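Structural description and commentary
Each chain is listed here by its residues.
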Amino acid sequence: MVSIKTKEAASAWIGLLATVIVAGILFILGAKGVPIRWIVAAVVLFCTFSIVTFVALFIIRKYVAYKLKPIYSIVLSRDVHTKEIFSELKDKKVENIGEELTAWADTNDKEIARLKEAERFRKQYLGNVAHELKTPIFNVQGYISTLLDGGLEDELINRKYLERAEKSIDRLINIVNDLDTISKLESSMNKLDFEKFDIVALAKEIAEQTEMEADKKQIRISVKGAENLPSPFWVVADKHYVGQVFVNLIVNSIRYGKEDGTTRIRFRDMLDKILVEVEDNGLGIGKEDLPRVFERFYRTDKGRSREQGGTGLGLAIVKHIVEAHGERITVRSELGVGSTFSFTLKKANLQNTK
Ligand code: ADP
């Protein structure tokens, strides 16, 4: 069997078949005595071959275009006109369409895998949110029920239970605020508001705000910028969000810091970037936990985190903010020695700062 791979070959075969039939008819007529000049016969055969091949090619193209229309419409996600495919078929081999479809199916497979992963993440995230909210809500419910069932008149527990209920409500507020920040960061509506500012001054401001918290554990916070002013550490970033990065990192360094410890904030000039490091000499993070600390709700010590008012979302927010600036954050840590969180920001052009 002859294998016909292209529409041109198929049409040529049809043309050839028609020519053979016409040649046969001419031969029979000649045999019956009809006078046929060989030059006329040759012209007739040539015309038969050309016309039939051309018409066959036209019909095949039309048929293929008609059959491919629904497939192309799906692949290109739009209503494709038969004429469009017809004209493409003029210079495109039909076998190329197979390759195109395979590539399209590959892309689709990848997209489906990505969507499945996103769906898995969404379900897990929703489960985590529900779980995190459940504990403080049930606590508040428990305290209020006890108070209503007579506890209110009991001087020994009424104040204690109200204070505990308040603590649970504070926890709820913290979680909701962090969730709100994450969803704001995720929605494209929330664009970053870039401005030039002195990152050392901002770090000092935030360090002062957290001083009271640090004093409880006698933790010293030092911000090491340049001695002389203006500071060379000016960046272009969203000041509000970068402030939040400092709050979260400094609060963590206190939360997971040791009594009498130190938190150091340092800056390094790296050509077009400023590297910021927040270093503590606290509890540190184990090797197995280190790659996961930026995940939502991941904690190395759940009890400690909750007890200290942690939501498990702080570092996820930090990472989100840094990455929204197109930068990176990394962590180095050793159990019992301490942790260093480092992130970069785009350096500002000081010439136009003032
Ligand atoms: P949390 O609200 O629990 O502090 P984070 O997202 O801020 O949540 O941090 C995630 C986990 O990473 C914390 O629960 C803690 O186990 C660990 N961690 C974060 N910062 C530090 C640090 N400076 N030192 C030691 N462990 C830390």
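For the structure given in this document, a descriptive report is provided here.

Analysis parameters
- Residues numbered from 1 in each chain as written.
- Predicted model: local features only at pLDDT ≥ 70, side-chain atom pairs only at ≥ 80, totals over all residues.
- Heavy atoms only, no water.
- Helix = DSSP H or I, 4+ residues; strand = E, 2+ residues; numbered from the N terminus.
- Rg over C-alpha atoms; globule rule 2.2 N^0.38 Å.
- Buried < 20%, exposed > 50% of the residue type's maximum accessible area, 1.4 Å probe, protein only.
- Contact = heavy atoms within 4.5 Å.
- Salt bridge = Lys/Arg side-chain N within 4 Å of Asp/Glu carboxyl O.
- Near = heavy atom within 4 Å.
- Polar contact = N/O pair within 3.5 Å; in protein donor to acceptor, adjacent residues only side chain to side chain.
- Areas by Shrake-Rupley, 256 points an atom, 1.4 Å probe, with all protein chains shown as cover.

Digging into the overall build of the protein chain
Scanning the protein chain for helices and strands turns up 10 helices and 7 strands. Against the globule reference of 20 Å for 354 residues, the protein chain gives a C-alpha radius of gyration of 38 Å, more extended than a compact globule. Principal-axis analysis of the C-alpha atoms gives the protein chain an extent of 130 × 65 × 35 Å. Within the protein chain, the fraction of its 354 residues that count as buried is 38%. Counting contacts in the protein chain only where the partners sit at least 6 residues apart, residues at least 24 apart contribute 71% of the total.

A word on the pattern of salt bridges
What the rule picks out here adds up to 18 salt bridges. For Arg-114, the salt bridge identified is with Glu-111, shortest N-O distance 3.0 Å. Here Arg-114 and its partner Glu-111 are both found in helix H4 (residues 94-148), 3 residues apart, which amounts to about one turn of the helix. A relative accessible area of 35% places Glu-111 in the partly exposed class. Arg-268 is the salt-bridge partner of Glu-277, the closest N and O atoms lying 3.0 Å from each other. It is possible to trace a salt-bridge network through shared partners that takes in Glu-132, Arg-171 and Arg-299.

Section: unusual backbone geometry
A negative phi holds for most residues other than glycine; trans holds for most peptide bonds. Phi is positive for Leu-271, close to 55 degrees, though the residue is something other than glycine. Using a relative accessible area of 76% as the deciding quantity, one classes Leu-271 as exposed. Although it is not a glycine, Phe-297 adopts a positive phi angle of roughly 65 degrees. Within the secondary structure, Phe-297 is located in the loop between strand E5 (273-280) and helix H9 (302-307).

Section: the site of the ligand
The local shell around the ligand holds 21 residues, among which Tyr-256, Thr-300, Ser-305, Gly-312 and Leu-315 are the closest. In the environment of the ligand, an oxygen atom lies 2.8 Å from a nitrogen or oxygen atom belonging to the backbone of Leu-315. Ser-339 places a polar side-chain atom, nitrogen or oxygen, 3.4 Å from a nitrogen atom of the ligand. Look at the ligand: alone it shows 530 Å² of surface, and the protein chains cover 99% of it.

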